[in-house]
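# Analysis of the macromolecular model
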Amino acid sequence: MNLSALVLNGMVAAPVVLVVLVLLVARLSEAAAVRVAAFGGLVVLGWSVWLAALSQTRLDGTAVDVPWLAAIDVRWHLGVDGISLPLLLMSTVVFACTLLALVRNAPDCGGTAWLAALLLLIEAGVLGSFLALDLVLFFAFFEVALIPMWFVIDQWGDAHGPRGLQQRRRAATRFLVFTVLGSALMLVGFVVVRSETGTFDIVRIAASYDPVGPVALTAAALVALGLAVKTPLWPLHIWLPDAHSKAPTVGSVVLAAVLLKLGTYGFLRFWLPLVDPGWDWLLPVVGGVAVVGIVYGALACLAQTDLKRLIAYSSVGHMGFVVLAAATYTIGGVQGAVYASVAHGVVTGLLFFLAGAVKDRYGTGDLRELRGLYGRVPRLGGLVAFGAMASLGLPGLAGFWGEMLAVRAALFPAGVLPRVTFVGFAVVAALGVILASAYFLALLRSAFQAGETGASPPPAVVAGDVSRWEWLVWSPLVAAIVVLGVAPGLLLTPVAEATVAFLGGGR
Amino acid sequence: MSWLVLTLLVVPFVSAVATLGFGHRAEGAGRGIAVGGSLLTLGLATAVAVPHLGAAAPLTHVYAETAATLPPFQLAVLVDPLSAVLLLLAGTVAALVQVYSLGYLRGDSRYPSYAALVSIFTGAMCTVVVADDLWVLLVGWELMGACSYFLISHHWELAEARAGAVKAFLMTRTADLGLLFAILLLGERFGSYRISTILEAVAGQALQRDELWLPAVLVAVSVMGKSAQFPFHTWLPDAMPGPTPISALIHAATMVAAGVFLVARLYPLFVSAPAALTLLALTAAATMFLAALYALVTDDLKRVLAWSTVSQLAYMFGALALGAWSAGVMHLLSHGAFKALLFLAAGSVMHAVGSTSMDRMGGLRTKLPDTFATMTIGFAALAGVVPFVGFFSKDAVIAGAYEGAVHGRLVWPWVAWVLVGSMVLTAVLTVAYSLRAWLLTFFGPEQEHADELDLHEAPPSMRVPLWLLVVPTTIGGFVVLNPAAVLGPEHVEQMFHVGESILMTALVAVTSLVVLALWRSRGRELWPRVVVPHPPVDRLYDAALVRPVRWLARLVVAADRDVVDGYADGAGGTARGVGGLLRLAQNGNVQSYLMVVVVGAAAVAVVAGAVTT
């Protein structure tokens, strides 16, 4: 096994080894096990940097390519390029942050070591999904990432309120049922693709598959439907607000920052090669649904009364931008999709950390009760304002470039696509940006600046502004938001090169 | 030289971070860093600007570029005389505001974040004026919007401060979509986002105007939003709950000035697109008159000044729309000096009186001698009294507009004449409202309870900036009259016109005499009190946009709740989940809700599009 094969396999294996290690140490001391997990998160992060240093921006699928389930021609085929690497690095950073957060901020109900182990298991599934170059292998890793999340929500989720336990379980189960159903549709689509191409190998499919005819269209539509559940796209998003708001803080962070990206990555890596842009309706319908999601998510945010639900719904809008960009079938679109995905990961990850910090301090995320937080916890308030500005797409921060590129791609879509339709999408998507500004300012106005109504705000359960440990955990995300905001070239260059190599220069 | 420009762009941001980092631990350190940073910025701005005034060759430099996008993004700067004068203006006003704020915000626990935001604001404005790449420009442009949002809501415990801040941000950001789309279209059309490249290309093909009207009109829309021109004029007066030094910064040197700067910067594009110039001309004609009317009747000193900014900005747009480029830019500089002076002086008045309402003022000239003297000069400049800077720049604008109306071919003659007429009429109103505000503040009887207030002149940190601003306000006319020495040798326009000057001075004199006669006979009630109506446009926005959006938001939440409940009822266990999904799809109620939402979203888009253009 040569070096790059070792690094690729190790990228998936390292979190699994850490899971075992954490559980073994947990028998001796829970606190020590959590520290091991946090350290492990940093090791995996370092490993991903190593992988990045070794990799090229163009996809090289030859290092790890061996038969796995030989009977059905599924191969253990891993590789990385400029499309997956940014997402992979973002994921390892976010996982490292969440595992570090657990060291000082253990959930009330205990079992922190188990929670850390589950997060590492999810990390293994996520990293595998970003590395997989075989359709079925992607599906398998995806499932590995999903199942542990059910436990995370169901065991450590928010059980406040009457029937809190039932609601928590319902949220967890709804998340699992929807995403597994989505996976099933996607798998059916993959099988149909194999009947057309004779292979599950996405590199070969991308190079030589010419999707024509109703079967190819059916396959692409099925895969799109499955990914639309996972991303999620309107109107299949209804599992998301409950899952994201009921999950514990670290769970929300991972769900929003990382798990949604599996869906958007799936669109780029495993769906675009299955699509013929000349089809009359598939790309316009996907783009249109994405645009509706942008506006719908923003409108839903305007009427939310819970901090975490608001951030959850904002994800629906952001994912709409990503999928709109992908549906334009252009290199600029793929650039925008990757950029918006990475930016959403760091920005929404930070926002969920901050929302968790607010809930820890005041025992509630109810926007009708919280008020005047600028005065009570000014640094936390300042960070939320910063995160809100990044999320509403202020130029100069991470959120802007991806969404701008999505609008640009929609304004100038691939030549065969209906131009007028996509220009309309671009205009509506841009209006979604204004609505996003409106709901974030409304959030700051009601909860962080003083409110006109309401008697007394809830008392602080945990006193104090941002702690040193919180600064430590959040600062990588803050730094990433600024760096991605002022140096867009860092990401755009590798993505463009990889896209040309993967999909061909003509697209 | 290029590293100096980069340093200039970085220093304000570093200073902001340092102010935030140290300001909460040691008050003195925060103040020292903030003021020191602003003085360093001013020094750097001077060092960058002075060599590029007048006939010097412009500096262009590309620090970094991303070839991965087509066209590429470039971190590029362009320093020409236009950038240079605005760097000097922004640097000076920002430094004076920081010094002034030492006194004005003494003891304010939010000083560190305030001072940091002022630094970022300055850095953003510097970014805008030296940007040679449209994306770099957009970053500075929107960063200013965000800074103004935070600074307007500095006193966030006040409901009107919160509302004004949100309004400012949302209105300008909506208009900014115009700039975003314009950048995208220009990049596609010219294969570059470099401003200098695009302008050269525009100049090289002056006859092919077909494709340029749309980006030019879109830029014009975003400029109208940033500079608070009709129909976006309502955010600026509502931004008055912010601290007064911030008003000086926003009104004189940064945010709203950036709108005028952008038109001046992209001027060849506008000259190639008569539609955009016509839009600007008509907007300016309506805005200057309307805003002057508001200024005439409002009883709040800061609002008088805010409306006067809206009105004076319209003069600049009017000059640019009729081809008087130098006059427009000179009026921007001149207005920057006297409006900074007026706002800082008004802050000094409020510091003493504790209110912005002119009902609480009167007879202050003996109590606040420095403020009275400096503000008098500021008002004289605003009204266009000889020999203050406003006289020269405003006359240059009106004369230039007249020339444009007689000889120009940029817009239709009737548009030009409407604009010139509005300029003359507004000049009369300007004299009237300036004089009224001056009289109500400083003359007449002292208000009741004035003795109980400990009326005293402001500390030196606030008075020194006032006197410093008196200098350009008084002798700035020399600069205005020599555009070639400042803006470059191609700007040889005759800025002084004897005929117009005599006419305008006569108008000023007659108007002043009428107002003074009214003051003699009627006292503080110069003209019948008009309750300032909320601008009707605001009610339109509320009815056409805000309320429908809220209604749609509730509908969306209801739709989601119905879907989720419908699903949850059927899904006791995972096995029944599929049934729930199918039921969901057949639920006619849900479908109709969702249909309504989609149609509604489209309708909002159409309405918004109609309103913003």
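The structure displayed is predicted, hence computed values, not measured ones.

If a strand is regular, its side chains alternate between the two faces of the sheet. All names here are of chain A. Summarising the sheet, strand 1 (residues 64-69) and strand 2 (residues 74-78) pair through five bridges and their orientation is antiparallel. If you follow Val64 over to strand 2, its bridge partner there is Leu78. Hairpin remark: strand 1 followed by strand 2, antiparallel, with four residues in the connecting loop; positive phi at Asp73, about 60°.

This brings us to unusual backbone geometry. One can expect most non-glycine residues to show negative phi and most peptide bonds to be in trans. A cis amide bond links Phe230 of chain B to the next residue, Pro231 of chain B, at an omega of 5°. Structurally, Pro231 of chain B is set in the loop between helix 8 (213-226) and helix 9 (235-238). Going from Val386 of chain B to Pro387 of chain B, the amide bond is cis rather than trans, its omega being 0°. Note that Pro387 of chain B resides in the loop between helix 16 (369-383) and helix 17 (389-407). A positive phi angle, close to 60°, is found at Asp73 of chain A, a residue other than glycine.

The next thing to look at is the environment of Leu137 of chain B. With respect to the helices and strands, the residue Leu137 of chain B is situated in helix 5 (residues 134-152). Overall, Leu137 of chain B belongs to the buried group, with 25 C-beta atoms counted inside 10 Å.

Next up on the list: the nonpolar core. Ala116 and Ala429 of chain A are the most contacted members of the largest nonpolar core, which totals 462 residues. Setting aside residues up to four positions removed in sequence, Ala429 of chain A forms contacts with Val291, Ile294, Phe321, Leu324, Ala406, Val407 and Ala410 of chain A.

Once that is clear, we can look at the interface of chain A and chain B. Facing 41 residues of chain A, the contacting portion of chain B comprises 46 residues. Those elements giving two or more residues to the side of chain A that touches chain B turn out to be helix 6 (164-197), helix 11 (282-302), helix 13 (331-362), helix 15 (378-391), helix 16 (398-411), helix 17 (419-448) and helix 19 (489-503) of chain A. Counting residues per element, the side of chain A that touches chain B draws most heavily on helix 17 of chain A, at nine residues.

So, about the environment of Phe230 of chain B. Residues and elements named next belong to chain B. Tracing the sequence through the fold places Phe230 in the loop between helix 8 and helix 9. For Phe230, a count of 21 C-beta atoms within 10 Å corresponds to the buried category. Taking the C-alpha atoms as reference, Phe230 lies 9.0 Å from Met288; in sequence the two are 58 residues apart.

This paragraph deals with the packing of helix 14 (residues 301-321) of chain B against helix 17 of chain B. All names here are of chain B. Their axes nearest at 9 Å, the elements helix 14 and helix 17 cross at an angle of 35°. Where helix 14 crosses over helix 17, the handedness of that crossing is left-handed. Touching Tyr315, Gly318 and Ala319 of helix 14 are Lys394, Val397, Gly400 and Ala401, all from helix 17. Taken together, the residues of the contact of helix 14 with helix 17 sort by class into four nonpolar, two polar and one charged.

The first and last C-alpha atoms of helix 3 (residues 84-104) of chain A sit 31 Å apart over 21 residues, in line with the 30 Å expected at 1.5 Å per residue. In terms of burial, helix 3 of chain A is a largely internal element, 19 of the 21 residues being buried.

Rules and cut-offs
- Residues numbered from 1 in each chain as written.
- Chains lettered and ligands numbered in written order.
- Predicted model: local features only at pLDDT ≥ 70, side-chain atom pairs only at ≥ 80, totals over all residues.
- Pairing = 2+ DSSP bridges.
- Helix = DSSP H or I, 4+ residues; strand = E, 2+ residues; numbered from the N terminus.
- Buried ≥ 20, exposed ≤ 12 C-beta atoms within 10 Å, placed from the backbone.
- Core = buried A, V, L, I, M, F, W, Y, C linked by C-beta atoms within 7 Å.
- Contact = placed C-beta atoms within 7 Å.
- Axes fitted to C-alpha atoms, helices over the stretch in contact; angles between N-to-C directions.
- Left-handed = near helix turned anticlockwise from the far one by under 90°.
- Nonpolar A, V, L, I, M, F, W, Y, C, P; charged D, E, K, R; others polar.
- Expected span 1.5 Å × (residues − 1).

Take it as geometry only, folks, not as evidence of what the structure does.
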